[in-house]
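Coordinate inspection notes
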Amino acid sequence: MGQRVVITGGASGIGLTFARRFHARGDRVALCDADASAVAAARAEMPDAIAVQADVTDPAQMDAFLGKVEQDWGGADVVCANAGTGGPAGRIEDLDFDAWRACLDVNLNGAFLTCRWAARVMRGQGAGLILLTSSTSGLYGVPHRSPYVAAKWGLIGLMKTLAMELGPAGVRVNAIAPGAVEGARMDRVVEMEAAASGLSPDDVRQIYVKGSSLRTWVSADDLADMALFLASPAAARVSGQVLAVDGHTESMVP
Ligand code: NAD
């Protein structure tokens, strides 16, 4: 296969699972992440990958990372704008504007720089897939998570628009919407939402479980299965879509 795959936020969680799965089947992988020690670990695990410490909100750092990818590979076939952060939890009347801005900055503005570069190289190639990591939080409202929810809805608007702009050039653009993913990040989110809502962490977990038709959380590998499908010829006519991998969730309110 030998696709050239770029992943932001690729040194842990879902992004690292994407990197491992593409790498394991022989694709070339380039990842960036703000966490230097996680980047070093990813580089040690996949020595032939490009692994760079870069913050998706910093144009100079992203220029350096993406410039290296372009220099080494001449382009990219799959670009995953995946980096994200949970942002603050709380009632909107209690939220700090700087915390709101920081959440929008990583989750939404960070995707802009990645997508702009991907659009430039892929339009020239006449082919490619841009895959944004949104969230089921980008499909409905979630009490006490307004900045994160707004950012993840924003990513879907960005995806829909880029699919229309780039489709005529042969470039597909989709978003993946993970439900609650087992792992350290959701453990942190559950603690934060419990503190904001006054519920116990177990009650918060149950809200997520009961909100899904399949009564389940998902794994990062479930998300990677979807990413591999979208990057495959089987998805050659799939663009402009949000693919939820969440056990079918309609609402976060029980
Ligand atoms: P994670 O915290 O395990 O990994 C996110 C990675 O992004 C980390 O390595 C982190 O260092 C990196 N990162 C954060 N800010 C960055 C920045 N400014 N620049 C570069 N890298 C940065 O979280 P995850 O669960 O793997 O999340 C990946 C994506 O999936 C995020 O966009 C997240 O919003 C989305 N998501 C996750 C879940 C879930 O349940 N875990 C659910 C829905 C959506």
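Residues numbered from 1 in each chain as written. Predicted model: local features only at pLDDT ≥ 70, side-chain atom pairs only at ≥ 80, totals over all residues.

A word on the overall build of the chain. Helix and strand counts for the chain come out as eight helices and seven strands. A globule of 254 residues ought to have a C-alpha radius of gyration of about 18 Å, and the chain, at 18 Å, matches this closely. Considered along the principal axes of its C-alpha atoms, the chain spans approximately 50 × 35 × 30 Å. When each of the 254 residues of the chain is scored for burial, the buried share is 45%. (Helix = DSSP H or I, 4+ residues; strand = E, 2+ residues; numbered from the N terminus. Rg over C-alpha atoms; globule rule 2.2 N^0.38 Å. Buried ≥ 20, exposed ≤ 12 C-beta atoms within 10 Å, placed from the backbone.)

A word on the environment of Gly126. Here Gly126 lies in the loop between α4 (97-125) and β5 (128-133). In this structure the C-alpha to C-alpha distance between Gly126 and Leu166, which are 40 residues apart in sequence, comes to 9.1 Å. Once residues lying within four places of it in the same chain are set aside, the contact partners of Gly126 are Ala169 and Gly170. (Contact = placed C-beta atoms within 7 Å.)

This next bit is on the packing of α4 against helix α5 (residues 146-166). Axis angle and axis distance: for two packed helices, these are the angle between their axes and the distance between the axes, and together they describe the pair. Contact pair α4 / α5: the axes reach a minimum separation of 9 Å and the direction vectors enclose 15 degrees. Looking at the two axes, α4 sits roughly parallel to α5. Our pair here, α4 against α5, has a crossing hand that is right-handed. Note on element contacts: α5 touches α4 through Pro147, Tyr148, Ala150, Ala151, Lys152, Gly154, Leu155, Leu158, Leu162 and Leu166, opposite Trp100, Cys103, Leu104, Asn107, Leu108, Ala111, Cys115, Ala119, Met122 and Arg123. Taken together, the residues of the contact of α4 with α5 break down into 16 nonpolar, two polar and two charged. (Axes fitted to C-alpha atoms, helices over the stretch in contact; angles between N-to-C directions. Parallel < 35°, antiparallel > 145°, perpendicular 65-115°, else oblique. Left-handed = near helix turned anticlockwise from the far one by under 90°. Nonpolar A, V, L, I, M, F, W, Y, C, P; charged D, E, K, R; others polar.)

So, on to the site of the ligand. Neighbouring the ligand are 28 residues; Gly9, Gly13, Gly84, Ser135 and Val181 lie closest to it. Of all elements in the fold, only α1 (13-24), α4 and α6 (184-197) reach the threshold of two or more residues within the shell around the ligand. A total of three residues in the shell around the ligand trace back to one element, the largest contributor, which is α1. Classifying every residue of the shell around the ligand by side-chain character gives eleven nonpolar, 13 polar and four charged. (Near = placed C-beta within 6 Å.)

What follows concerns the nonpolar core. Judged by nonpolar contacts, the single largest core of 76 residues is most densely connected at Leu31, Ile130 and Ala227. At ten residues, α4 tops the list of elements feeding residues into this core. Setting aside residues up to four positions removed in sequence, Leu31 forms contacts with Ile7, Gly10, Ala11, Gly15, Ala19, Ala42, Ala49 and Ala51. (Core = buried A, V, L, I, M, F, W, Y, C linked by C-beta atoms within 7 Å.)

All of the buried residues along helix α8 (residues 220-230) are Ala220, Leu223, Ala224, Met226, Ala227 and Leu230. Mapping the buried residues of α8 onto a view down its axis gives an arc of 160 degrees, with all of them on the same face. Tucked into the core, α8 has its buried residues touching α1, β4 (78-81), β5, β6 (171-178) and β7 (242-245). (Arc of directions from axis to C-beta.)

Checked against the element boundaries, Pro59 lands in helix α3 (residues 59-73). When the 12 C-beta atoms within 10 Å are taken as the criterion, Pro59 is described as exposed. Between the alpha carbons of Pro59 and Leu139 there is a distance of 29 Å; along the sequence they are 80 residues apart.

Turning to the sheet that holds strand β3 (residues 50-53), a few remarks are in order. Strand order across the open sheet formed by seven strands is β3-β2-β1-β4-β5-β6-β7, with parallel pairing between neighbours. The open sheet has two free edges, formed respectively by β3 and β7, since each of these has just one partner strand. Adjacent strand axes in the sheet meet at a mean angle of 15 degrees, parallel and antiparallel pairs treated alike. One ladder, built from four bridges, connects β6 with β7; its direction is parallel. Along β7, the bridge assignment pairs Ile176 with Leu243. (Pairing = 2+ DSSP bridges.)

With respect to the helices and strands, the residue Arg91 is situated in the loop between β4 and α4. Sequence separation of Arg91 and Pro143 is 52 residues, and the distance between their C-alpha atoms is 7.6 Å.

Here the focus is the pairing of β3. Here strand β2 (residues 28-33) runs beside β3; their pairing, made up of four bridges, is parallel. Note on β3: the bridge partner recorded for Asp33 is Gln53. A crossover connection joins β2 to the parallel β3 through helix α2 (residues 36-45); in handedness this β-α-β unit is right-handed. (Right-handed = clockwise from strand over helix to strand, strands pointing away.)

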